[in-house]
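A closer look at the structure
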Amino acid sequence: MGSYVSARARGGRWLLRIEDLDRNRCRSHLADEFLQVLEAFGFEWDGSVYFQSDRIDFYEAALAELRRSGHSYACRCTRARLAAQSSDPAAEPVYPGTCRDDPTAGEARHALRYRIAADAVAVRFEDALQGSVSQDCRLEAGDFVIRRRDGHFAYHLAVVVDDELQGITEVVRGADLLACTPRQILLQRSLGYRTPAYAHLPLLTEPDGRKLAKSRRSVPLDPRRAAGQLCDVLTWLQQQPPAELALAGIPEIWEWALANWRPARIAGRREVRLP
């Protein structure tokens, strides 16, 4: 809803992408269900629905360019091995460069990592909601996976290519992806792509700040309650909808949301804790 209102309130286009690269987890009927739910809640997207599974050749071409320019290498480290080497098992491990200069790494089953230059400077960008962001990717993340051991393209590479192909000018998404944005900017620069504007919305969490679990706070979208649930989201986005708006029709709710969108009310917030 945040991305939709952000685009529509300024006369922009809202594009719909189905991220279905992991064929072991994705089922074709689920995409149809997603579209039906979006339509029931009044979302109207521009153009055709974009499926990542139709863009494999473009990801292959981007990967080939990174290989050609020396920005990738084979890595046979497993997640378990990296977690065991980490000083903080709860945190995302910083890759220590184990396979960075190992010419034999590609002889076994392996992933491909992006090689961050040893003299790389911190990546800085201005997030429309979270303000100035700076990250030394080499020290805070390390060389990151761009193709997994199972052959699937990693999220970072796929969305960077998608954003370029679709001509995306603004990315509005959850604050859980804020920390990986500098890595995506590194990929954009290496591939000669444009960098879109970013805005990271606060996450809805449990009262103690944990991710939403399977509890009374984590409820499915129900088209029969679309009006009330849309107004709930507007409230969580600090937009202060009037109580009577929940009794209005879906078009009226969207009309109010677009006319009253005030993103400054959530500026700087990384999470919204549900009661």
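Since we're looking at a predicted model, the values are computed, not measured. (Residues numbered from 1 in each chain as written. Predicted model: local features only at pLDDT ≥ 70, side-chain atom pairs only at ≥ 80, totals over all residues. Heavy atoms only, no water.)

Another aspect to go through is the overall build of the protein. Along the protein, the regular secondary structure elements total nine helices and 11 strands. In terms of overall dimensions, the protein is globule-like: its C-alpha atoms have a radius of gyration of 20 Å, near the 19 Å expected for 275 residues. Taken along its principal axes, the extent of the C-alpha atoms in the protein is 65 × 40 × 35 Å. Relative to its 275 residues, the protein shows a buried fraction of 41%. Within the protein, contacts between residues separated by at least 24 positions form 73% of all contacts whose residues are at least 6 apart in sequence. Of the accessible surface of the protein, which amounts to about 15,000 Å², a share of 51% is contributed by carbon and sulfur atoms. For the protein, the distance from the average site of its 38 positive side-chain charges to the average site of its 37 negative ones is 4 Å. (Helix = DSSP H or I, 4+ residues; strand = E, 2+ residues; numbered from the N terminus. Rg over C-alpha atoms; globule rule 2.2 N^0.38 Å. Buried < 20%, exposed > 50% of the residue type's maximum accessible area, 1.4 Å probe, protein only. Contact = heavy atoms within 4.5 Å. Areas by Shrake-Rupley, 256 points an atom, 1.4 Å probe, with all protein chains shown as cover. Lys, Arg positive; Asp, Glu negative; His and termini not counted. Charge placed at Lys NZ, Arg CZ, Asp CG, Glu CD.)

Here helix α3 (residues 56-68) contains 13 residues, and its C-alpha end-to-end distance of 18 Å stays within 8% of the 18 Å for a straight helix at 1.5 Å per residue. The set of residues buried in α3 consists of Tyr-59, Ala-62, Leu-63 and Leu-66. The buried residues of α3 occupy an angular sector of 100° when projected down its axis, which confines them to one face. Across from the buried face of α3, at angles greater than 90 degrees, the exposed residues are Asp-57 and Arg-68. In this structure, the buried residues of α3 make contact with β2 (50-51), β3 (72-75), β4 (111-114), β7 (145-147), α6 (155-165) and α7 (181-191). Positive phi appears at Gly-70, one or two residues downstream of α3, with a value of about 80°. (Expected span 1.5 Å × (residues − 1). Arc of directions from axis to C-beta.)

Before going further, it helps to spend a moment on the nonpolar core. Membership of the largest hydrophobic core comes to 36 residues, with the highest contact counts inside it found for Tyr-114, Ile-146 and Leu-157. At the level of elements, α3, β3, β4, β5 (123-127), α6 and α7 are the ones that each hand at least two residues to this core. The residues contacting Tyr-114, other than those within four sequence positions of it, are Leu-66, His-71, Tyr-73, Asp-143, Phe-144, Ile-146, Leu-186, Leu-187 and Ser-190. If you look at the next biggest cluster of nonpolar residues, it comprises 29 residues, including Phe-41, Ala-227, Leu-245 and Ile-266. (Core = buried A, V, L, I, M, F, W, Y, C linked by side-chain atoms within 4.5 Å.)

Quick look at the environment of Phe-43 now. Secondary-structure assignment places Phe-43 in the loop between α2 (28-40) and β2. For the pair Phe-43 and Trp-14, spaced 29 residues apart in the sequence, the C-alpha separation amounts to 9.3 Å. Those residues in contact with Phe-43 that lie beyond four places of it in its chain are Met-1, Tyr-4, Trp-14, Leu-38 and Trp-254.

Per the counting criterion, the structure on display carries eight aromatic pairs. Cluster of aromatic residues (ring-pair linked, three or more members): Tyr-4, Trp-14, Phe-43 and Trp-254. Against the face of Tyr-50 rests Arg-17, its NZ or CZ located 5.8 Å from the ring centre. The aromatic ring of Tyr-95 is capped on one face by Arg-113, whose charged end is 3.7 Å from the ring centroid. (Phe/Tyr/Trp six-rings, centres within 6.5 Å; stacked < 30°, edge-to-face > 60°. Lys NZ or Arg CZ within 6 Å of the ring centre and 35° of its normal.)

Another point: unusual backbone geometry. The backbone of Gln-238 sits at a positive phi, close to 65°, despite the residue not being glycine. Within the secondary structure layout, Gln-238 lies in the loop between α8 (226-236) and α9 (250-259). Judged by its relative accessible area of 24%, Gln-238 falls in the partly exposed class. Of note in this structure, Gln-240 is not a glycine but carries a positive phi near 55°. Counting through the fold element by element, Gln-240 comes out in the loop between α8 and α9. Residue classification places Gln-240 among the exposed residues on the basis of a relative accessible area of 59%.

Picture the strands of a sheet paired through backbone hydrogen bonds; they go either parallel or antiparallel. Across the sheet, three strands lie side by side as β3-β4-β7; this open sheet has antiparallel pairing. Edge positions in the sheet fall to β3 and β7, since each has one partner strand and no second. When the angles between neighbouring strand axes are averaged without regard to direction, this sheet yields 45°. As defined by bridge partners, β3 adjoins β4 across four bridges and the pair is classed as antiparallel. By the bridge assignment for β4, Tyr-73 is matched with Arg-113. Contacting β3, β4 and β7, α3 crosses the sheet at an angle of about 125° to β7. (Pairing = 2+ DSSP bridges. Axes fitted to C-alpha atoms, helices over the stretch in contact; angles between N-to-C directions.)

Below, the discussion takes up the pairing of β5. Side chains Val-123, Phe-125 and Asp-127 of β5 all project onto a buried face; the interleaved residues Arg-124 and Glu-126 project onto a face where none is buried. As paired elements, β5 and strand β6 (residues 131-135) share five bridges and run antiparallel to each other. Bridge assignment links Glu-126 to a residue of β6, and that residue is Ser-132. Linking two consecutive strands that pair antiparallel, namely β5 and β6, is a turn of three residues.

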